[in-house]
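So the chains spell out like this:
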Amino acid sequence: MGRQKSEQLYKEAQQHIPGGVNSPVRAFRGVGGEPLFLESGEGAWLTDVDGNHYIDYVSAWGPLILGHRHPAVIEALQRQLEKGLGYGASTEAEVRLAEEVCRLMPSIEQLRLVTSGTEATMSAIRLARGFTGRDAVVKFEGCYHGHVDGLLVKAGSGALTLGAPDSPGVPEGYSGLTHVLPYNDVAALEEYFAANGENTACVIIEPVAGNMNCVPARTGDLSRLRTLCDEYGALLIFDEVMSGFRVALGGAQSVYGIEPDLTTLGKVIGGGLPVGAFGGRREIMSRIAPEGPVYQAGTLAGNPLAVAAGLATLEAIQAPGFYEALENRARAMLAGLRSRAVSASVPFTANQAGAMFGLFFSEEEGIESFEQVMACNVEHFRSFFHGMLDNGVYLAPSAFEAGFISAAHGEREIELTLAAAENAFAAIQS
Ligand SMILES: *Cc1c(COP(=O)(O)O)cnc(C)c1O
């Protein structure tokens, strides 16, 4: 497969864009080689600028749960295009989107739209601090909550891929207010709360971690976290930017049966366009301007095109059996990958949460901790990644990213993926 045009564009890109990319993980630093430049997407498929086709498991990093160019989303966008791109004022569609999210996630009584996941978590943290009058924030090792200053501490994926978990430019005064605890370690949680619970504004967690590959939280640990937050008056924030409408219709909170005080959303809620949101109990959300004193605003917040794509997506995912079908397809694919890894004698295991999955090159079964993720064989992943790419399958270019399956991935795509995997696993062995 030729990649001349991608190579040429990458050279040009590096002239005027730092590292040639607008988001670090796109640069392929975690896997070596050069990034693809993409031309189009259709259903489960991507086409690069050289005309090569790939089955896509990145799904624009999560949003495209319906696949590329789903007719309902395209139609909604076309309808809005006829009416204008944005007005910087309220529209009916924003009201409908907020209603829909509150209905699907009952822990959310009020919702504010923003334009990215980063903005959602940043605003939720500010709100939690404003509401509680406390400063300390707790996050977990390997969880990523966007590139918010105070949250760029042991922050997963992009940061892990670059080997730089902390970023220059973040004053110690910011990150010093962030306490980092190990994921899935209830003893550390107890210890922290006993010492600092009373100063803690909030605990932010990915209930299914998707930025240190895919690592679901243990149910017992999450319920204990809920109890501890209540006991000490700290707010519990579920960062469901990735897991919301992805692991289940009601998000991870519906799977675990735990209600957070605040939820942050992004990715699927925008159907592929830039949307984020944060929401939760009315008592807390009413502290946001203009109703309350905690300031938050956005020129493009609730942009009509983005809201149209989001609403169309939220409608489509409510089709009966939608998540069951996705989950079954993902399960079948992961089972196929496991059996091919066994045949090739490559140590390999996988995690799954709904339509989200993680591939681990590890001898261990049941990857539950950040240490286990970090101990995986990155060389094996690199070889597998390139083997898959050469065989027409586009995985996230990092061993620390989750994979996403869409409703457009059918049996044929799964078969082709498994055939590619047979070659890719065999290449590792040799
Ligand atoms: C992607 C992601 C974010 C950041 O969202 P952006 O839209 O990239 O700013 C925050 N939290 C989680 C869990 C994410 O997966």
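Residues numbered from 1 in each chain as written. Predicted model: local features only at pLDDT ≥ 70, side-chain atom pairs only at ≥ 80, totals over all residues. Heavy atoms only, no water.

Judged by how many residues are buried, strand β7 (residues 200–205) sits mostly within the fold: six of six residues are covered. Two elements, strand β5 (residues 136–140) and β7, share three bridges in a ladder whose sense is parallel. Bridging from a neighbouring strand, V137 pairs with C202 of β7. Two elements, β7 and strand β10 (residues 235–239), share four bridges in a ladder whose sense is parallel. Counterpart to C202 in the pairing with β10 is L235. (Buried < 20%, exposed > 50% of the residue type's maximum accessible area, 1.4 Å probe, protein only. Helix = DSSP H or I, 4+ residues; strand = E, 2+ residues; numbered from the N terminus. Pairing = 2+ DSSP bridges.)

This brings us to the confidence of the model for the protein. In this model, the protein carries a mean pLDDT of 95, and residues with pLDDT of at least 70 account for 97%. When the criterion is pLDDT under 50, residues 161–165 qualifies, and its contacts beyond four places in sequence or with other chains add up to 12 contacts. (pLDDT = per-residue confidence, 0-100. Contact = heavy atoms within 4.5 Å.)

Another point: the site of the ligand. Neighbouring residues of the ligand: S116, G117, T118, Y144, H145, G146, E206, N211, D239, V241, M242 and K267. Contacts to the ligand include T118, whose side-chain N or O atom sits 2.6 Å from an oxygen atom. Contacts to the ligand include D239, whose side-chain N or O atom sits 2.7 Å from a nitrogen atom. A total of 380 Å² of accessible area belongs to the ligand in isolation, and the protein chains cover 82% of it. The class makeup of the residues in the shell around the ligand is three nonpolar, six polar and three charged. (Near = heavy atom within 4 Å. Polar contact = N/O pair within 3.5 Å; in protein donor to acceptor, adjacent residues only side chain to side chain. Areas by Shrake-Rupley, 256 points an atom, 1.4 Å probe, with all protein chains shown as cover. Nonpolar A, V, L, I, M, F, W, Y, C, P; charged D, E, K, R; others polar.)

Further remarks concern the side chain of D48. Examined against the element boundaries, D48 turns out to sit in strand β2 (residues 45–48). Notably, D48 is buried but unbridged: the nearest opposite-charge side chain belongs to R3, and the N-O separation is 5.1 Å. Of note is the side chain of D48, whose polar atom sits 2.9 Å from the backbone nitrogen of D50. Excluding residues within four positions of it along the chain, D48 makes contact with L36, F37, L38, E39 and Y54. (Lys, Arg positive; Asp, Glu negative; His and termini not counted. Salt bridge = Lys/Arg side-chain N within 4 Å of Asp/Glu carboxyl O.)

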